[in-house]
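One letter stands for each residue in the lines below.
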Protein chains: 2
Amino acid sequence: MTRRLPDHIDGYGPVRPFRARPVDKAAKRRAQVPLFDSIDAVVDTLDLRDGATISFHHHLRDGDDVMRAVVDVLAARGLRDLHVAASSIFPVHAPLVPHIRSGVITRISTAYVAGPVARAISAGELRHPAVLQTHSGRARAIATGALPIDVAFVAAPSADRQGNLSGAIGPSACGPLGYAMVDARYARRVVAVTDNLLDDRLASIDIAGNEVDAVVVVPSIGDPTRIVSGTTRITDDPVSLRIAAMAARAIDASGLLVDGFSFQTGAGGTSLAVAGDVAAIMRQKGIKGSFAAGGITGTLVEMFHEGLFERLYDVQCFDLAAVASYRTDAAHQAMSASLYADPSRRDAVAGRLDVMILGAAEVDTAFNVNVTAVGGGKIIGGSGGHADTAAGAKLTIITTRLSAKGNPKIVRDVECVTTPGATVDVVVTEAGIAVNPLRTDLIARFVDAGLPLVSIEELASLAREQTGRTNDKSRTSGNRIIAVVEYFDGTVTDVIRQSG
Amino acid sequence: MTRRLPDHIDGYGPVRPFRARPVDKAAKRRAQVPLFDSIDAVVDTLDLRDGATISFHHHLRDGDDVMRAVVDVLAARGLRDLHVAASSIFPVHAPLVPHIRSGVITRISTAYVAGPVARAISAGELRHPAVLQTHSGRARAIATGALPIDVAFVAAPSADRQGNLSGAIGPSACGPLGYAMVDARYARRVVAVTDNLLDDRLASIDIAGNEVDAVVVVPSIGDPTRIVSGTTRITDDPVSLRIAAMAARAIDASGLLVDGFSFQTGAGGTSLAVAGDVAAIMRQKGIKGSFAAGGITGTLVEMFHEGLFERLYDVQCFDLAAVASYRTDAAHQAMSASLYADPSRRDAVAGRLDVMILGAAEVDTAFNVNVTAVGGGKIIGGSGGHADTAAGAKLTIITTRLSAKGNPKIVRDVECVTTPGATVDVVVTEAGIAVNPLRTDLIARFVDAGLPLVSIEELASLAREQTGRTNDKSRTSGNRIIAVVEYFDGTVTDVIRQSG
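Rules of the game
- Residues numbered from 1 in each chain as written.
- Chains lettered and ligands numbered in written order.
- Predicted model: local features only at pLDDT ≥ 70, side-chain atom pairs only at ≥ 80, totals over all residues.
- Heavy atoms only, no water.
- Contact = heavy atoms within 4.5 Å.
- Buried area = accessible area lost by both parts, 1.4 Å probe.
- Salt bridge = Lys/Arg side-chain N within 4 Å of Asp/Glu carboxyl O.
- Polar contact = N/O pair within 3.5 Å; in protein donor to acceptor, adjacent residues only side chain to side chain.
- Helix = DSSP H or I, 4+ residues; strand = E, 2+ residues; numbered from the N terminus.
- Nonpolar A, V, L, I, M, F, W, Y, C, P; charged D, E, K, R; others polar.
- Least-squares fit on C-alpha atoms with pLDDT ≥ 70 in both.
- Buried < 20%, exposed > 50% of the residue type's maximum accessible area, 1.4 Å probe, protein only.
- Pairing = 2+ DSSP bridges.
- Right-handed = clockwise from strand over helix to strand, strands pointing away.
- pLDDT = per-residue confidence, 0-100.

Counting residues at the interface gives 77 residues for chain A, matched by 78 residues for chain B. Summed over both sides, the interface between chain A and chain B buries roughly 6200 Å², with carbon and sulfur atoms accounting for 49% of that surface. Put simply, chain A and chain B have zero salt bridges between them. Here chain A and chain B share ten residue pairs in polar contact (both at pLDDT 80 or more) between them. It is strand β30 (residues 492–497) of chain A that contributes the most residues to the side of chain A that touches chain B, five residues altogether. Looking at the side of chain A that touches chain B residue by residue, the class counts come to 34 nonpolar, 14 polar and 29 charged.

Here it is in structure tokens:
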């Protein structure tokens, strides 16, 4: 088809003429996805080179064996200078450390890193600075092309012969594959790795087969007993329970706990206790919430089953009760990392949250929160969705004790800014509640409710008295930067330097 | 928070430092959306100026009264040179014509326009060329900022006091507000216009209140009896029924009609007949499909209720049976115009379709399809989702008679290219089936199945013999361009010139 078109049309502007491209519908009509019986075999087809970016998700958490298996294969083939873009990295990924030392892996981008890989980065063993993203910042970087992925390796608890993938069923069922959905959509090549290939078409699909280029069937993708992370158990510490009860009272006083209420907690023990206390208030007042989001836990599933929430929006399951609910409850819906928290999306779930409960390693007197690095450059995790949800929620509450292990947690200046103070509304401690002074409407409501308000500076003083310490360090500003801390928009909130 | 950050980090690159912005969470915590009792009252708050772009959706189809009411108000205030960006324009919008003549409206962008407004454009009465988009092209243009919207006016069958909107219930219930979802997400200001304000929170939400800046309550948003368009009734013409039966046989022979089958039809009488015939084959062979998409009709709802499809993905309802199903069936899910068909989305439903059934005003021997303009510049509609789904589906079938009203429909060269031939696989007529010669796999399958194959050139000859005419016109290439036909990627497939 060739139409003679003008270059420019008055009242319209310059004309970009349509050019017919060949459309390979026969390939689209392909009945089945190519199957491979080993990672080695599929790598033969991938044209991976030195310097390539490979991506992974963390839905199997500390049970994942796919990242290790893939990197081992690539290392055995002599590849160098790989960029590992993983949504999170856990202690189970210790086998990556030798590959970091040998130069097989020289770049890491991730939203959370803990364990031996974190220690290797802190020790300066990774050639280039690690890039610590937020969950939505990672999704944005992938979607905009700022972080191009050569091959996404997707650990898939189940796959069918059309290449459809599901986390709902299989021996390593982990719930929705929300983080991997973004990788699958934008990576140049998408390889699913599964230990559960089904002949029948999957009934519930997290990632559609038209996004998947190949499926590798392996004996095991990981250890399903370790999908549940140690951070997802409710607290039994009396101080933490008191903090949780005070946070629930603050939520009640905020005016947001009415019909249609929406809620998210992290997976920490105190956050889960807050959820329990909020449930009690909702029950007592007959409040019917709209949705809970997350990181879904058994606690939120129970609230949903009780009718306290209409729906669950789930980017990843934190425990097996959540996985079981995802498998059976129609209103327990998967969301991608993008739908969860992409700040450019007006429909992002994080932006529709009423209340978000978050933890902290440190909070400073400007309400900045650190969950990334302590003790002079020791990386302890990272934002995950911390900065994303703090910015999105109508009411962001940090629950924390004044101190831990003899160190103050409320400080003058956090070692590393993960979540900017402008997005944090309330800090709840055992010594009272500090409200960000920008939030005058909340202060008025909390005063009316008789809540124990204190200033953040008072909390910092109490923490200093309790521990006899400050966290003030002589910043070794000349030292090498071993990690860059990115906000969700790709700007840099902080850097982490090698200690000593 | 101020961190001293380097301008550049080796191994990372240039650093864009985070700058804290004020976060107005008090506004986010606002309990209720601002309410107005007239369009005039809300316009006072909008700072609309000459040249502004205002958008509308077409979910109320030929029953919509909101576009007229808004433009009347703006005209009465003396505004000029408005750009109307409507997802579609119907005969009911005849009252816009005087505003076009007087210069109140000088630009129109739309995916479909029929009736008096189309005739006014064809007659050269609109100052600037109309831009005829596809449904997904419109969504892409809005999302990328190529088509910035100053105010989106969203006709809402129901709204609650938080500003949540739903098309599921209310006297003008029309089904999911899929086209308006894109406008609501990206427009600078979003004004909902409703005749059904609820005190209770909506249970089912198409557009969330955090995307809505104001709600106007008016006595009526339109005539609910005219939401059903005349194009959604099944054919009873014997020739069309024969064409439909042949199309169903072609689908059966394609190899795509297996478990997991996905399907979309337009709302034309022949398309609906194809759906009925496909249902009969599925029933007979015990095939369980995955989803039907669209433009949902009562015919597809019946197939879903019978268990022939697991889910319905619905961007707009074509009839009241579909609206009733959307209200009650959980697996009848809303999709935005973007999720429906955005070509940049790997998860777009149109790209996951097995089979798409489409109509045509003209098809040419290069398989190009025209549904936009005939008879020398007479605009008769436009792509809507025609070009989008043709490109996305694994098998795109055009059903058409050889001629209509004495004019050939299979021609040497279509008057206007709506859908490029490279994306069209099969043309089914009463005289046999023409397969795009690029689709050798289909040709083999159809030969095996004993289907009556003919070449597209033969069909054009038969059409010429039947009518004694060609559509060849002396193209008046110097005449004024009155409309620009855009493909979904924003390139131009054709222009329409004023006749005479």
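Picking up where we left off.
Right, let's get into the relation of the copies chain A and chain B. When chain A is fitted onto chain B, the two copies agree to an RMSD of 0.0 Å after a turn of 180° and an axial shift of 0.0 Å. Taken together, the turn and the small shift mark the pair as related by a two-fold rotation axis. In terms of C-alpha distance to the rotation axis, chain A has Ala330 of chain A as its closest residue, with the C-alpha 4.2 Å off the axis. Both copies present the same face, since 100% of the interface residues in chain A are matched by interface residues at the equivalent positions in chain B.

Before going further, it helps to spend a moment on the pairing of strand β5 (residues 82–86) of chain B. Residues and elements named next belong to chain B. Burial within β5 is extensive, with five of its five residues counted as buried. The alternating pattern of β5 places Leu82, Val84 and Ala86 and His83 and Ala85 on opposite faces, both of which are buried. Bridging between strand β4 (residues 53–56) and β5 involves four bridges; their strand directions are parallel. Within the sheet, the bridge partner assigned to Thr53 lies in β5 and is His83. For the handedness criterion, the β-α-β arrangement of β4, helix α3 (residues 66–76) and β5 is classed as right-handed. In this sheet, strand β6 (residues 105–110) lies alongside β5 in parallel orientation, the contact comprising five bridges. Bridging from a neighbouring strand, Ala85 pairs with Ser109 of β6.

It is worth spelling out the sheet that holds strand β19 (residues 362–364) of chain B at this point. Residue and element names in this part refer to chain B. Spatially, three strands are ordered β20-β19-β26 in an open sheet, and the strand pairing comes out mixed. Either end of the sheet is taken by a strand with one partner, and the two such strands are β20 (369–370) and β26 (410–411). One ladder, built from two bridges, connects β19 with β26; its direction is parallel. Counted as the bridge partner of Val363 is Ile410 from β26.

It is possible for side chains of opposite charge to pair when their charged atoms get near one another. Residues and elements named next belong to chain A. Summed over all chains, the structure comprises 32 salt bridges over all chains. For Lys285, the salt bridge goes to Asp252, with nearest N and O atoms at 2.8 Å. Here Lys285 is found in helix α9 (residues 269–285), whereas its partner Asp252 is found in helix α8 (residues 238–253), with 33 residues between them in sequence. The network of salt bridges with shared partners includes Asp40, Asp44 and Arg77.

Mapped onto the fold, Ser88 of chain A is located in the loop between β5 (82–86) and α4 (96–101). Ser88 of chain A has contacts with His58, Met67, His93, Thr110, Tyr112 and His135 of chain A, leaving out every residue within four places of it along the chain.

All names here are of chain A. If you check the backbone angles, Asp47 has positive phi at about 55° while not being a glycine. If you trace the backbone, Asp47 turns up in the loop between α2 (39–43) and β4 (53–56). Asp47 gets classed as exposed once you look at its relative accessible area, which sits at 54%.

For chain A, the mean per-residue pLDDT works out to 92, and 94% of the residues sit at or above 70. Interface confidence for the predicted complex, expressed as ipTM, amounts to 0.81; the pTM equals 0.69.

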